[in-house]
Amino acid sequence: MQAVLTGDIISSQSSNDWQQELINVLNAYGAEPNEWELFRGDSFQLELNAEQALAAAIHIKAAIKTFSELDVRIAIGLGDKNYNAPKVTQSNGSAFVHSGTAFDTIKKNTLVLKSDNTEFDTTINLMLSLATLTMDLWPPVTAAIIKTQLEQPQLNQTELSELMGKAQSAISKALSRAGYTEITRLIQYYTETLKKH
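Position labels on residues start from 1 in each chain and follow its written sequence. Whole-chain, interface and lining totals are the exception, using all residues; otherwise, since this is a predicted model, local features are given only for residues with pLDDT of at least 70 and side-chain atom pairs are given and counted only at 80 or more. For side-chain calculations, the full set of non-hydrogen atoms in the structure is used, while hydrogens and water are omitted.

Caption draft 1: Structural context of the pattern of salt bridges. The term salt bridge refers to a pairing of a side-chain nitrogen on Lys or Arg with a carboxyl oxygen on Asp or Glu at a separation within 4 Å. Overall, the coordinates contain seven salt bridges when judged by the stated rule. Linking D8 and R73 is a salt bridge whose minimum nitrogen-to-oxygen distance equals 2.8 Å. On the criterion of sequence distance, the pair formed by D8 in strand β1 (residues 2–10) and R73 in strand β4 (residues 71–79) is long-range, its members being 65 residues apart. By relative accessible area, R73 is classed as partly exposed at 29%. Note that D136 and K61 form a salt bridge whose closest N and O atoms lie 2.7 Å from each other. Where helices and strands are cited, they refer to DSSP runs of H or I of at least four residues and of E of at least two residues respectively, numbered from the N terminus. Burial status follows relative accessibility: with a 1.4 Å probe on protein chains alone, a residue under 20% of its type maximum counts as buried, one over 50% as exposed, and anything between as partly exposed.

The following block contains the structure:
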C-alpha cells in the first residue's frame, strides 16, 4: 500500500523562507521529481510508504509551523499505484485519487485522510481533527522542538536541549504543551491499525 500526500502552504505569500525548509523535509522521504514535487508555487505532492505517511505529514507541519503566520493543509491518500510516471504529479492509482479527493474536501481541518476503508477513515479523521486543535496552535519555537525531536527520536530531552541550545526544562514544557507524547501515540496507533487492515 502506498500513500500520497497532497498539500499547500497557508499564507505562503507572507514569506519565501519556507521553501527550502519544505524541500529539506521532502528529501528525507524521497527523491524529486519521482517521489515528490513542488507545483503551483505553494503546493506539493509526496509519495511514500503508507506506514510513514502520518509521521511525514506531522513532520512537514512542524517544519512549516517554525515560520510564524504559516501553516499547511495536507490530505493523505492511501491505496495503490497503477501508473508510474517520471514525475509524481503525473503518476496514478487509488492513492493519488484518494489524496486529491480528500484535498478538495478540506475545509477547516488542516490534516485529513482517505482510503478504501471508511471505518478506518472515520476513526483516524476524528483523531486528526482533535490532534490539529493543538498542532495548528504550535508557536514557531515549539514547532522547531517538535521537528527536531521527530528527526532525532533517539535523543532524550537532555541531549535535545544540548543540540538546540535550550534549557532542558524549556524543552520538557514545550513537548508537553505541544502534545508530543499523544502525537507519537497517534502515529503508533495509525501504523498498527494500518497493518491490521
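Okay, back to it.
Caption draft 2: Just the sheet that holds β4, in detail. Think of it this way: DSSP has to see at least two bridges between two strands before they count as a pair. Spatially, β2-β3-β1-β4-β5 is the arrangement adopted by the five strands of the open sheet, whose pairing is mixed. Looking at the sheet topology across the chains shown, the edges are occupied by β2 (36–39) and β5 (111–114). Across the sheet, the mean angle separating the axes of adjacent strands is 15° when strand polarity is ignored. Relative to strand β3 (residues 43–49), β1 runs antiparallel, the two sharing seven bridges. Bridge pairing in β3 links V4 to E47. To define axes, lines are fitted to C-alpha atoms, for helices over the stretch in contact only, and angles between the resulting N-to-C directions are given on a 0 to 180 degree scale.

Caption draft 3: Spotlight on the packing of aromatic side chains. Two rings from Phe, Tyr or Trp (for Trp, the six-membered ring) form a pair when their centres sit within 6.5 Å of each other. Planes less than 30 degrees apart are called stacked, planes more than 60 degrees apart edge-to-face, and all others tilted. All told, the structure shown has one aromatic pair when counted by the stated rule. Summarising the aromatic geometry, the rings of F120 and Y190 are spaced 6.2 Å apart at their centres and angled 35° between planes, so their arrangement reads as tilted. Residue F120 is located in helix α4 (residues 118–135), and its partner Y190 is located in helix α8 (residues 180–196); the two are separated by 70 residues in the primary sequence. Per residue, the accessibility class of F120 equals that of Y190, and both read buried.

Caption draft 4: Geometry of helix α3 (residues 94–105). In this model, α3 (twelve residues) spans 16 Å end to end at C-alpha, consistent with the 16 Å of a helix rising 1.5 Å per residue. Within the sequence span of α3, burial applies to S94, A95, F96, H98, S99, A102 and F103. Close packing links the buried residues of α3 with β1, β3, β4 and β5. Here the expected span of a helix is defined as 1.5 Å times the quantity of residues minus one. In what follows, residue pairs with any heavy atoms lying within 4.5 Å of each other are defined as contacts.

Caption draft 5: Structural view of unusual backbone geometry. The omega torsion across E32 and P33 is 0°, close enough to zero to call that bond cis. Within the secondary structure, P33 sits in the loop between α1 (18–27) and β2. Here R40, not a glycine, exhibits a phi torsion of approximately 50°, which is positive. Relative to the helices and strands, R40 is located in the loop between β2 and β3. Take R40: its relative accessible area is 64%, and that puts it in the exposed class. Positive phi outside glycine occurs at E69, with the angle close to 80°. Residue position: E69 is located in the loop between α2 (53–65) and β4.

Caption draft 6: Just α8, in detail. Helix length check: α8, at 17 residues, gives a terminal C-alpha distance of 25 Å against a target of 24 Å (1.5 Å per residue), a fit within 8%. Among the residues making up α8, those that are buried are Y180, I183, L186, I187, Y190, T191, T193 and L194. Residues of α8 that are buried in the fold lie against α2, β4, β5, α4, α5 (140–151) and α7 (168–177).

Caption draft 7: Main features of the nonpolar core. Within the largest apolar cluster, 51 residues are counted, with the highest numbers of intra-cluster contacts made by L5, I60 and I76. Here the element with the most residues in this core is α2; it accounts for nine residues. Every residue in contact with I76, bar those within four places of it in the chain, is listed here: V4, L5, A53, L54, A57, S99, L111, V112, L113 and K114. In this description, a nonpolar core means a group of buried Ala, Val, Leu, Ile, Met, Phe, Trp, Tyr and Cys residues linked to one another through side-chain atoms lying within 4.5 Å. Core analysis: the second largest hydrophobic core is formed by five residues, A75, F103, I106 and V112 among them.

Read these as layout, nothing more, since geometry by itself doesn't imply function.
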